[in-house]
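Report on the structure
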Amino acid sequence: MISTVTNERVNIRPGVTVLAVLRHLNYRPWFALAEFVDNSLQSFLAHKDDLRSECGQSRLSVSITLDPSDDGRLTIRDNAAGIFASEYPRAFRPAEVPPDTSGLNEFGMGMKSAACWLAKRWTVRTSALGDDVERTIAFDISKIVNGQIEELDVHTALVDPRHHYTEIVLTGLHQRLYGRTIGKVKEHLTGIYRVFLRDGSLELRFDGETLNFTEPEVLCAPFYKTPSAPAVTWRKDLAFDFGLGLRAHGFAALRRIGSTTGAGFALFRKNRLIEGSADEGYRPEPVFGKSNSYAYQRLFGELHLDGFEVSHTKDGFKWQENEEVFLSLLRDMLDDQALPLLSQAEGFRSRPKPSDLQAGAETATKHTAATIEREAPPVLEGLVDSTLEQDLPSEFPGAHVASKRNISIRFADMDWEIVLELSDDPAVGDWLDISDDVLTDTLPLDITRRRVGVRLGLAHPFMERFGGTTTDSIEPLLRVACALALAESAAREAGVKKVGVVRRNVNELLRHALSKP
């Protein structure tokens, strides 16, 4: 291969003014990387027949490789049709709208904006299908801006005309990808391109790992109001027309196992996801209700929208006044009597499969055992001598309260008032506090009643790690706390000595040992 610098140059106006601000766009890493995959897909789809007839290729391969060393390096390679010489001038000019906007490239900004957002420097090396020339162009944003450069040299080399590819290398990363972010990138990219991954037209790899979309299991069960009836698969196709060229089609279903992160709709345009990938499902409240609803955890689906505009970063639809109409139609179709998904989501309660319980139990046991082995011994040593009984306060010290309820019961021939209090005040140090007092109401009669306070500390490290923010996550722990508190009160009433030591030891273990990962 012989490489030369030819007289060929590319005009990048208005690059100086535009390229400098692109790094400040409101991207997320997966949508920025998706811009490069979009380019590869569009090249493949536009030349699909030629690739098949000339090369026997029926599948696009795109690989993304991350090297986190030094200042970071990202490489995106594909075997699409490459960038043809006739397309070269337009490909590198920001905001140069392509002549055909019906595909995935419609704004003329994707590759440029994503590259500038991700990195300080980037190069594009490409050879087009049937062309014997490989072209390479390099962008150094700082030099371009400071030098007011409006034209860039193109390096060329002779290659086999049967070869076709594009390689983009980004260095000096503004956005460093590591840890959990890499996992999220893989998860989101898998969701964004699930249609192409499903039909086998795209092979997408990240650091050598082939990305595959896992389909959620659909609920198969009787309608909750007729539990003895035959089981039904809770999935339905949807299609509706808004008029004015606005249409939607797809499906909706209920998950077999509810998920607070995995439910929700995925919204597509041109078979590419725009909203609702991974843990960011589209869950508008008029359809899904509050975050503690069962529909919020079970309802999912895919909807392809035609005629709607999207943001230039392709991570959201421009609904304008149409979303309200869309949601009204969607809700009506979801809950029609033929298959009322919303009603079933709210009314159905499932028993987990023994295999699911076993897997969850095994993982929970493993994690808890490791934490006890590592964290509990020094805490237990400090608890051995802490056996003195302490009087309970008649009421709690003042603290900010997130929720409070008063409950009246009759127990041991006495009226009991239970004051249930959830405090989000970080000054409350214990996971569980109890107060106890005996009150006498003189009017209309002298009636003695017992008032027991139960306070759960939501800002406690154990609650911050395991308590979450939803009803489904807080309520089980609140009920355990109530059981401990009422059991202690009943034991005191029965004359059991030093019963409060157990609660104090529980508080210490939860704070200093069992709240740890």
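Attention here is on the structure that accompanies the text. (Residues numbered from 1 in each chain as written. Predicted model: local features only at pLDDT ≥ 70, side-chain atom pairs only at ≥ 80, totals over all residues. Heavy atoms only, no water.)

**Here we look at the nonpolar core**
- Formed by 64 residues in total, the largest nonpolar core has its most connected members in Phe36, Phe92, Phe139, Leu170 and Tyr193.
- Ranked by the residues each element gives to this core, the list is headed by helix 2 (residues 29-46), at nine residues.
- Ignoring any residue separated from it by four or fewer positions in sequence, one finds Phe36 in contact with Ile76, Met111, Ala114, Ala115, Leu118, Ile168 and Leu170.
- Among the nonpolar cores identified, the runner-up in size contains 34 residues, and Ala252, Ile274, Ala295 and Phe308 belong to it. (Core = buried A, V, L, I, M, F, W, Y, C linked by side-chain atoms within 4.5 Å. Buried < 20%, exposed > 50% of the residue type's maximum accessible area, 1.4 Å probe, protein only. Helix = DSSP H or I, 4+ residues; strand = E, 2+ residues; numbered from the N terminus. Contact = heavy atoms within 4.5 Å.)

**So, the environment of Asp241**
- Assignment of secondary structure puts Asp241 in strand 12 (residues 235-243).
- When the C-alpha positions of Asp241 and Ile64 are compared, they lie 38 Å apart, and in sequence the two are 177 residues distant.
- Contact partners of Asp241, with chain neighbours within four places excluded, come to Leu246 and Arg247.
- In this structure the side chain of Asp241 is engaged in a polar contact, spanning 2.6 Å, whose partner is the backbone nitrogen of Gly243. (Polar contact = N/O pair within 3.5 Å; in protein donor to acceptor, adjacent residues only side chain to side chain.)

**Let's talk about the side chain of Thr313**
- Structurally, the position occupied by Thr313 is in the loop between strand 17 (309-310) and strand 18 (317-318).
- Relative accessible area serves as the criterion here: at 7%, Thr313 is assigned to the buried category.
- A polar atom in the side chain of Thr313 sits 2.9 Å from the side chain of Asp315.
- What Thr313 contacts, discounting residues up to four positions off in sequence, is Tyr27, Phe31 and Glu35.

**Some thoughts on the pattern of salt bridges**
- This model, assessed by the stated rule, comprises 30 salt bridges.
- Residues Arg135 and Asp131 are paired through a salt bridge, measuring 3.1 Å at the closest nitrogen-oxygen approach.
- Here Arg135 falls in the buried class, since its relative accessible area comes to 10%.
- The structure contains a network of salt bridges with shared partners spanning Glu35, Asp38, Arg272 and Lys314. (Salt bridge = Lys/Arg side-chain N within 4 Å of Asp/Glu carboxyl O.)

**Quick word on the packing of helix 2 against helix 5 (residues 110-118)**
- The contact between helix 2 and helix 5 brings their axes to 9 Å, and the two run at 140 degrees. Crossing geometry of helix 2 relative to helix 5 is assigned as left-handed. Side by side, helix 2 and helix 5 meet where Pro29, Ala32, Leu33, Glu35, Phe36 and Asn39 of the first sit next to Gly110, Met111, Ala114, Ala115, Trp117 and Leu118 of the second.
- Along the lines of polarity and charge, the residues of the contact of helix 2 with helix 5 split into nine nonpolar, two polar and one charged. (Axes fitted to C-alpha atoms, helices over the stretch in contact; angles between N-to-C directions. Left-handed = near helix turned anticlockwise from the far one by under 90°. Nonpolar A, V, L, I, M, F, W, Y, C, P; charged D, E, K, R; others polar.)

**A few points about the sheet that holds strand 13 (residues 246-254)**
- An order of 12-13-16-14-15 is seen for the five strands of this open sheet, with the pairing classed as mixed. In this open sheet, the two edge strands, each paired with only one partner strand, are strand 12 and strand 15 (272-275). Adjacent strand axes in the sheet meet at a mean angle of 25 degrees when their direction is disregarded.
- In this structure, strand 14 (residues 264-269) lies alongside strand 16 (residues 299-306), joined through five bridges in parallel fashion. Within strand 16, the position partnered with Ala266 by the bridge is Glu302. (Pairing = 2+ DSSP bridges.)

**Some points on a nonpolar patch on the surface**
- On the surface, Ile407, Ile409 and Phe411 cluster together to form a nonpolar patch covering roughly 220 Å² of accessible area.
- When you line up the elements, Phe411 lands in strand 19 (residues 401-411).
- With relative accessibility at 35%, the residue Phe411 sits in the partly exposed group. (Patch = residues over 30% accessible without salt bridge, like charges linked within 9 Å, V, L, I, M, F, W, Y side chains within 5 Å. Areas by Shrake-Rupley, 256 points an atom, 1.4 Å probe, with all protein chains shown as cover.)

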